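One letter stands for each residue in the lines below.
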Amino acid sequence: MNIEKKLTALQVMQDAPVIPVIVLNDVAHAVPLARALVAGGIRMLEVTLRTEQALACIEAIARAVPDAVVGAGTVRSRSDAQAAAMAGARFAVSPGYTAALGLACRDVGLPLLPGVATGSEIMLAQEDGLTELKFFPAMQAGGTALLKAWSGPFFDVRFCPTGGVTLQNAPEFLALPNVVCVGGSWLVSPDALAQGDWARITALARATLALKK
Ligand code: 3PG
């Protein structure tokens with residue numbers, strides 16, 4: 001896929017079967033990690049705003065790894081959205097949805113994949129024109145059974161289930177027509193990061209490409 005300067009949420013979801021959820025505590029890990037994931041075929045990288053170093057990591061990846069498309073995860077407020085865009089994030093992912101967050105992301109030009117876990121949350125996101133949503137926390141909130149139930153009333157919504165998704169259960173999610181990709185932290189484990197085991201991360205990324213939608 002040709003990545004345009006201005007992305008859509010659907011493009012973020014369609015690029016690979018998995019969006020890695022990344023937690024970084026050390027800026028020195030950011031660039032080698034991004035390169036390792038890109039080498040394994042994963043370009044859409046969600047760096048969560050959960051650590052003090054997250055924004056610096058986003059900035060480093062945006063500057064040094066042009067083949068990666070770095071986004072910010074755990075975006076919960078207007079100030080998160082602004083800081084993420086300033087750091088060079090190209091998309092935003094949130095654990096929930098508010099109209100204020102939707103507006104903030106639009107204002108700073110970030111496509112948003114908002115987290116939803118109920119029908120009402122889906123309807124709020126749809127009211128604001130969002131039809132590509134993160135289903136979070138996927139396993140805890142109802143897993144594939146809930147996605148199947150939603151496919152009736154929410155036939156026009158596509159999901160990225162995240163939360164408890166693994167290489168083992170990802171195929172069950174990806175087999176559903178209303179699932180475009182999944183999200184998960186398993187690609188980037190804290191110990192692989194600590195050991196600088198970039199080859200392992202590249203291998204895990206490659207393995208996810210076999211999951212094909
Ligand atoms: C998160 O935001 O932490 C994601 O949902 C990751 O969940 P996982 O660790 O279960 O993949």
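Residues numbered from 1 in each chain as written. Predicted model: local features only at pLDDT ≥ 70, side-chain atom pairs only at ≥ 80, totals over all residues. Heavy atoms only, no water.

## Comments concerning unusual backbone geometry
Here comes step 1: In this structure, P137 follows F136 across a cis peptide bond, with omega equal to -10°.
Here comes step 2: Of note in this structure, T74 is not a glycine but carries a positive phi near 60°.
Here comes step 3: Structurally, T74 is set in the loop between strand 3 (69–73) and helix 4 (78–87).
Here comes step 4: Given the relative accessible area of 12%, T74 is considered buried. (Helix = DSSP H or I, 4+ residues; strand = E, 2+ residues; numbered from the N terminus. Buried < 20%, exposed > 50% of the residue type's maximum accessible area, 1.4 Å probe, protein only.)

## Brief notes about the side chain of E46
Here comes step 1: Among the secondary structure elements, E46 is positioned in strand 2 (residues 44–48).
Here comes step 2: Buried within the structure, E46 lacks any salt-bridge partner; K134 is the closest side chain of opposite charge, at an N-O distance of 4.3 Å.
Here comes step 3: Once residues within four sequence positions are removed from consideration, E46 is found in contact with I19, P20, V21, I22, G71, A72, G73, T74, F91, V93 and K134. (Lys, Arg positive; Asp, Glu negative; His and termini not counted. Salt bridge = Lys/Arg side-chain N within 4 Å of Asp/Glu carboxyl O. Contact = heavy atoms within 4.5 Å.)

## With respect to the site of the ligand
Here comes step 1: In the vicinity of the ligand, the contacting residues are V21, R50, F136, T162, G163, G164, G184 and S185.
Here comes step 2: In this structure, an oxygen atom belonging to the ligand sits 2.6 Å away from a side-chain N or O atom of R50.
Here comes step 3: One of the backbone N or O atoms of G164 is found 2.7 Å from an oxygen atom in the ligand.
Here comes step 4: Alone, the ligand offers 310 Å² of accessible surface; in the complex the protein occludes 77% of this.
Here comes step 5: Classifying every residue of the shell around the ligand gives 2 nonpolar, 5 polar and 1 charged. (Near = heavy atom within 4 Å. Polar contact = N/O pair within 3.5 Å; in protein donor to acceptor, adjacent residues only side chain to side chain. Areas by Shrake-Rupley, 256 points an atom, 1.4 Å probe, with all protein chains shown as cover. Nonpolar A, V, L, I, M, F, W, Y, C, P; charged D, E, K, R; others polar.)

## Looking at the side chain of S94
Here comes step 1: Residue position: S94 is located in strand 4 (residues 92–94).
Here comes step 2: Residue classification places S94 among the buried positions, given a relative accessible area of 0%.
Here comes step 3: Side-chain polar atoms of S94 contact the backbone oxygen of G96, separated by 2.6 Å.
Here comes step 4: When residues no more than four places from it in sequence are discounted, the contact partners of S94 are V75, L101, L112, L113, P114, G115 and K134.

Distances and angles like these do not, on their own, reveal function.
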